[in-house]
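Architecture at a glance
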Amino acid sequence: MNSYKTKILIFAIIFAPITFFLGLWQIDRAAEKDNIIEKFNELQNNPHKSVNNEESFVNWEPISSYGSFTDYILLEDNALLDGVAGYKVYQYFRFEENSGFFVNRGFIARGRVKNEVPEISTPSGQYLIKGSAMYKNSNAFVKNIEESDKRIVQEFNIGLISNVYPELKTDNVRPYIFNLDKNDQFKFKEIEKPINMTSDKHIGYAIQWFGLCSALIILTIIAFIRKDE
């Protein structure tokens, strides 16, 4: 066996299994996404549970609450919707004295200048709002930095809220986000979804990886059956 064929064989032995297992991994991810969507659809058929009666919920479980919005607002930076940069708007909602949660009111576009935030009004009065409970996992690669506008954060983090609004330290702030229904009168543009990538895309990636694996094996076989020149 000449050195050329030896190199091809080593290359195939290393990368054929890698591409094959990457394809399997994408299929597993597709199954996970289908499972998430199935559970999400089941939850959406359930009645809204009152926040006043329970403190914890399943992710994306329908919930409701009666209370009032406050002036405490957080803006999560680096949000992107339909190619437009902006913020996710979180506004604190009290349903009883010293108890509340942040409501995800959706997406707003930023101004032309960085940290230029459009005016966000606070609804006056008390309202019955409906939505779903949403838990956000902390991203270790994202660090909140001090911005010119203290309301702007790089990532929404329940544990860091008191750093922005010390007056909320005495409040029982719920550990979830109240994701306002898309048809609510106080909702901006909807941006949150149960999954970021559909199972069909994962299947497409799996086909690509399996295709690369097959091509690599076929080319290796062809290289070996050719006579040495």
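Residues numbered from 1 in each chain as written. Predicted model: local features only at pLDDT ≥ 70, side-chain atom pairs only at ≥ 80, totals over all residues. Heavy atoms only, no water.

1. Quick look at the environment of E155
Relative to the helices and strands, E155 is located in the loop between strand 6 (152-153) and helix 2 (161-164). Residues E155 and K88, spaced 67 residues apart in sequence, show a C-alpha to C-alpha distance of 9.8 Å. (Helix = DSSP H or I, 4+ residues; strand = E, 2+ residues; numbered from the N terminus.)

2. A word on the pairing of strand 4 (residues 99-109)
Counted residue by residue, strand 4 has ten buried out of eleven residues, so it is predominantly covered. Examined bridge by bridge, strand 3 (residues 84-96) and strand 4 share ten bridges and lie antiparallel to one another. Looking at strand 4, one finds that V89 is bridged to G106. As defined by bridge partners, strand 4 adjoins strand 7 (residues 172-180) across five bridges and the pair is classed as parallel. What sits directly across from V103, in strand 7, is F178. (Buried < 20%, exposed > 50% of the residue type's maximum accessible area, 1.4 Å probe, protein only. Pairing = 2+ DSSP bridges.)

3. Examining the packing of helix 1 (residues 3-44) against helix 3 (residues 199-225)
Where helix 1 meets helix 3, the axes come as close as 8 Å, and the angle between the chain directions of the two elements is 165°. In terms of orientation, helix 1 and helix 3 fall into the roughly antiparallel class. The chirality of how helix 1 crosses helix 3 is left-handed. Residue composition of the contact of helix 1 with helix 3, by class: 22 nonpolar, six polar and four charged. (Axes fitted to C-alpha atoms, helices over the stretch in contact; angles between N-to-C directions. Parallel < 35°, antiparallel > 145°, perpendicular 65-115°, else oblique. Left-handed = near helix turned anticlockwise from the far one by under 90°. Nonpolar A, V, L, I, M, F, W, Y, C, P; charged D, E, K, R; others polar.)

4. Some words on the packing of aromatic side chains
Scanning the entire structure with this criterion turns up 18 aromatic pairs. Aromatic pair Y90 and F156: ring centres 4.5 Å apart, planes at 40°, arrangement tilted. Here Y90 is found in strand 3, whereas its partner F156 is found in the loop between strand 6 and helix 2, with 66 residues between them in sequence. For the pair formed by Y90 and F156, the shared burial category is buried. Through a chain of ring-to-ring contacts, the aromatic side chains of F57, F69, F93, F95, F101, Y127, Y135, Y176, F178 and F186 assemble into a single cluster. In this structure, R105 is placed above the aromatic ring of F69, and the distance from its NZ or CZ to the ring centre is 5.7 Å. (Phe/Tyr/Trp six-rings, centres within 6.5 Å; stacked < 30°, edge-to-face > 60°. Lys NZ or Arg CZ within 6 Å of the ring centre and 35° of its normal.)

Just geometry here; none of it tells us what the structure is for.
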